[in-house]
Amino acid sequence: MAVHAAVALEAASWACGVPAQKSEPVQAYPTRPVRFICPYVAGGSSDIFTRTIAQKLTQELGYPFVVDNRPGTNGDIGTDLVARAAPDGYTLLMGNSGPLTVNPVLYKKVPYDPLKDFAPITQGTSYMYVLVVPAALPVRSLNEFIALLKAKPGQMTYGSTGIGGGNHLSGELFNLMTGTQSVHVPYTGSTAALAALLGGQVNYVFPNVVTAVPYLRAGRLRGIGVTALRRASLLPEVPTLDELGLKGFELTQWQAVVAPAGTPKPVIDLLYREVARVLKMPDVIERLATEGGNELVGNTPEEFAKVIKSDLAKYAKLVKAANIQVQ
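Residues numbered from 1 in each chain as written. Predicted model: local features only at pLDDT ≥ 70, side-chain atom pairs only at ≥ 80, totals over all residues. Heavy atoms only, no water.

Student: A description of the environment of Ser 190 should follow, citing residues and the corresponding values.
Tutor: Relative to the helices and strands, Ser 190 is located in helix H7 (residues 190–198). Along the sequence, Ser 190 and Pro 207 sit 17 residues apart, while their C-alpha atoms lie 6.6 Å from each other. Residue contacts for Ser 190: discarding those within four places in its chain leaves Thr 161 and Thr 211. (Helix = DSSP H or I, 4+ residues; strand = E, 2+ residues; numbered from the N terminus. Contact = heavy atoms within 4.5 Å.)

Student: I'd like to hear about the pattern of salt bridges, residue by residue, with values.
Tutor: Two side chains that carry opposite charge are able to pair once their charged atoms sit near each other. Tallied over the full model, the rule gives 13 salt bridges. When the shortest N-O distance is used, the salt bridge between Glu 237 and Arg 217 registers 2.9 Å. Of this pair, Glu 237 sits in the loop between strand E9 (221–226) and strand E10 (253–260) while Arg 217 sits in helix H8 (residues 209–217); the two residues are 20 residues apart in sequence, bridging distant segments of the chain. Among the ionic pairs, Glu 243 bridges to Arg 231, the shortest N-O distance being 2.8 Å. Of this pair, Glu 243 sits in the loop between E9 and E10 while Arg 231 sits in the loop between E9 and E10, placing them twelve residues apart in sequence. Residue Glu 243 is classed as partly exposed on the basis of its relative accessible area, which comes to 39%. For Arg 231, a relative accessible area of 36% puts it in the partly exposed group. By sharing partners, the salt bridges in this structure join Arg 35, Asp 68 and Arg 70 into a single network. (Salt bridge = Lys/Arg side-chain N within 4 Å of Asp/Glu carboxyl O. Buried < 20%, exposed > 50% of the residue type's maximum accessible area, 1.4 Å probe, protein only.)

Student: Got a sec to walk through unusual backbone geometry? Specific residues and values, please.
Tutor: Going from Tyr 29 to Pro 30, the amide bond is cis rather than trans, its omega being -10°. Among the secondary structure elements, Pro 30 is positioned in the loop between helix H1 (2–16) and strand E1 (34–38). At Thr 73, a position not held by glycine, the phi torsion is positive, near 50°. Its place among the elements puts Thr 73 in the loop between strand E2 (65–69) and helix H3 (76–83). Residue Thr 73 is classed as exposed on the basis of its relative accessible area of 51%. In this structure, Asn 323 takes a positive phi of about 55° despite not being glycine. In this structure, Asn 323 sits in the segment after helix H11 (301–321). For Asn 323, a relative accessible area of 52% puts it in the exposed group.

Student: Got a sec to walk through the layout of surface pockets? Specific residues and values, please.
Tutor: When its volume is computed, the largest pocket comes out at roughly 1,200 Å³. Tyr 40, Ser 45, Ser 46, Tyr 127 and Thr 161 are the residues nearest the centre of the largest pocket, which is lined by 43 residues in total. It is helix H2 (residues 45–61) that contributes the most residues to the lining of the largest pocket, four residues altogether. Here the residues of the lining of the largest pocket sort into 16 nonpolar, 26 polar and one charged. (1 Å grid on protein atoms, 1.4 Å probe; cavity = no way out; pocket = protein on both sides within 12 Å on 5 of 7 lines; lining within 4 Å. Points joined across faces, edges and corners; volume = space filled by probe spheres on them. Nonpolar A, V, L, I, M, F, W, Y, C, P; charged D, E, K, R; others polar.)

Laid out in structure tokens, this is it:
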């Protein structure tokens, strides 16, 4: 395999001036199965991303990329497992916004350092949320909706998938930017939150786009605006909150490929190139973008590192301003 030889040549020159790592020397990569940790349960969107990328890397590089689901503690268990793994390229992480940029600023302590313990490879996807209300609610615009919330301070509620989730953070950012005082009601997942909305237990929700689409298409919900700075490809008719007047409103999250800190640069570079190429394949676009509601990214390790730092700062500011506390 020509790609293995290329990595071997790069690694030989890289290793000349670098002290020995605790992992095995890089000569060719991969030469054995690679474990790809997903810190969430099987069947969810993060698992689908992990398995899609793993299957393609197996085909392209000739050795199995084996998905290992290690859920628990909002993604921290699987994430910490990779932080402690040997930096040899044979343990990778399905990196997610939650463990890498939200949990470190939401909780007093997490068992890893998101900046020091990981080597970014590439951000695979970006996904947004959409503000939805029941179709029967007598509001047709963002301004009308904000006026309704302001007329009932502390009486209106919004549902989420739990404290620190993207839809919770979207709701808190919305409160801050509109000067409203809606009350957060956490549920065990998006299905439960949407059921509560349809049943009248809460007044609005920020589900991710792919979850909301069936309800919007069926006319059961009305989309007010999306949380990214550009419209969703699955919902081109729904404007962004930014273009509706909430200038700068942006809350998007992501899925990515990450390795333990200290993983040799030739391995990082190889994986970046391969994953970026995989993200351009038509069947991957169909599954992750067209069906999954994601925007596909494939940025460089350096660009992705900047995203992590920027998001950490953004969420730290939001958590403090909204006084979000974990019970």
